[in-house]
Amino acid sequence: MSDLLTLIVPLLGRHKLTDRVLSNLDKQRCEFKIIIADGSQSQWSGEYKNLDIEYFYNGFDHNIAQYMNKMYGAFQRVKTPLSMVFDNDDLVDLAGIRNGIHFLSEKLEYSTYRNDVRPLHLTPNIQIDDSLYTEASIEQEQATDRLRSALHNFNSFNFSIFRTPIVKCFFEILDALNNDDFQLFQKGWAYISAIFGKC
């Protein structure tokens, strides 16, 4: 599966958490390429011999426009048909990600695989065997806060596996717009345009 998906981890400091994430991926014997997209004031440095890591430093993310430019640059490096973005305070479950890859490989009409975040307290009847995440985010006080974010926050890029051409086009549009306000309209327009290949 290593030629099917790339993991992108955008950074803005918190380098100890980056090491925690990479150690977790190492323990799971991660076979996917990992792009570290760094927008910190001081660059991250680390060595993980068993992981395929490409480090990309784009300068300090002093605003959202710089973040979008960093993500655009990161996605230009992706060669696989599928991609996933997650923050360095998240622990991902590679078994869930592999399930998502199978789903998108079989269901070509779907552009995105979006799944739950465990533990689920709001909707206990949902099956969680293929969750993309194994734990609540460090920055969320309650696991239910993270679930609400996943269910209701259109602006979130996380919690999903994307078809790379679509998300690459999305960030290309937002980078070209020099988006510095995170307006829902711009992001919605960019996403719809990306789905229809308007890059």
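Residue positions within a chain follow its written sequence, with the count starting from 1. Two thresholds apply to this predicted model, a pLDDT of at least 70 for residue-level local features and 80 or more for giving and counting side-chain atom pairs, whereas whole-chain, interface and lining totals are computed over all residues. Where side-chain values are given, they derive from all heavy atoms of the structure, hydrogens and water being excluded.

**Here's the deal with the side chain of Thr6**
No. 1: Along the chain, the position of Thr6 falls in strand S1 (residues 5-11).
No. 2: Two residues form a contact once any of their heavy atoms are found within 4.5 Å. If we skip the residues at most four places from it in the chain, Thr6 touches Lys33, Ile35, Val78, Thr80, Leu82, Ser83 and Met84. Helix numbers and strand numbers start at the N terminus; a helix is a DSSP run of H or I with at least 4 residues, a strand a run of E with at least 2.

**Digging into helix H5 (residues 164-176)**
No. 1: Over its 13 residues, H5 extends 18 Å from the first C-alpha to the last, a length consistent with the 18 Å expected when each residue adds 1.5 Å.
No. 2: A 1.4 Å probe rolled over the protein chains alone gives each residue an accessible area, and that area as a share of the maximum for its type sets the label: buried under 20%, exposed over 50%, partly exposed in between. Within H5 the residues assigned to the buried category are Thr164, Ile166, Val167, Cys169, Phe170, Phe171, Ile173 and Leu174.
No. 3: Among the residues trailing H5, Asn178 stands out with phi positive, at a value near 55°. Here, expected helix span is obtained from the residue count minus one, scaled by 1.5 Å.

**Comments concerning the side chain of Gln66**
No. 1: Along the polypeptide, Gln66 turns up in helix H2 (residues 64-75).
No. 2: Classification of Gln66 as buried rests on a relative accessible area of 17%.
No. 3: In contact with Gln66, not counting residues within four places along its chain, are Asn58, Gly59, Phe60 and Asp61.

**Description of the packing of aromatic side chains**
No. 1: Stacked, edge-to-face and tilted labels apply to pairs of Phe, Tyr and Trp rings (six-membered ring for Trp) whose centres lie within 6.5 Å, assigned for plane angles under 30 degrees, over 60, and everything in between, in that order. Evaluated as defined, the whole model comprises 4 aromatic pairs.
No. 2: With a centroid separation of 5.1 Å and an interplanar angle of 80°, the aromatic rings of Phe170 and Phe171 are classed as edge-to-face. For the pair formed by Phe170 and Phe171, the shared burial category is buried.
No. 3: Through successive ring pairs, a cluster of aromatic residues spans Phe75, Phe170 and Phe171.
No. 4: Consider the ring centre and the ring normal. A charge sits over the ring if Lys NZ or Arg CZ is within 6 Å of that centre and within 35 degrees of that normal. Seen from the ring of Phe56, Arg77 lies directly overhead, with NZ or CZ sitting 3.8 Å from the centre.

**What about the pairing of strand S4 (residues 82-85)?**
No. 1: Side-chain alternation along S4 places Leu82 and Met84 on one buried face and Ser83 and Val85 on a second face that is also buried.
No. 2: Whether two strands pair depends on DSSP finding at least two bridges between them. Pairing analysis gives 4 bridges linking S1 to S4, with the strands arranged parallel. In the sheet register, Ile8 faces S4, and the bridge partner there is Val85.

**Points about unusual backbone geometry**
No. 1: The residue Arg29 is not glycine, and still its phi comes out positive at about 55°.
No. 2: As for its placement among the helices and strands, Arg29 is situated in the loop between helix H1 (15-27) and strand S2 (33-38).
No. 3: Classification of Arg29 by relative accessible area gives exposed; the value is 73%.

**Side note on the packing of H2 against H5**
Two numbers describe a pair of packed helices, the interaxial angle and the distance between the axes.
No. 1: Taken N-terminus to C-terminus, the directions of H2 and H5 make an angle of 145°; their axes are 9 Å apart at the nearest point. Every pair of crossing elements has a handedness; the one defined by H2 and H5 is left-handed. Between H2, through Met68, Asn69, Met71, Tyr72 and Phe75, and H5, the contact on the second element is made entirely by Val167, Lys168, Phe171, Glu172, Leu174 and Asp175.
No. 2: A per-class count over the contact of H2 with H5 returns 7 nonpolar, 1 polar and 3 charged. To get an axis, a line is fitted to the C-alpha atoms, and for a helix only the part in contact is used. The angle between two axes follows their N-to-C directions and goes from 0 to 180 degrees. Handedness of each helix crossing follows the sense of rotation of the near helix against the far helix: counterclockwise by less than a right angle gives left-handed, clockwise gives right-handed. Each residue gets one of three labels, nonpolar for Ala, Val, Leu, Ile, Met, Phe, Trp, Tyr, Cys and Pro, charged for Asp, Glu, Lys and Arg, and polar for the others, Gly among them.

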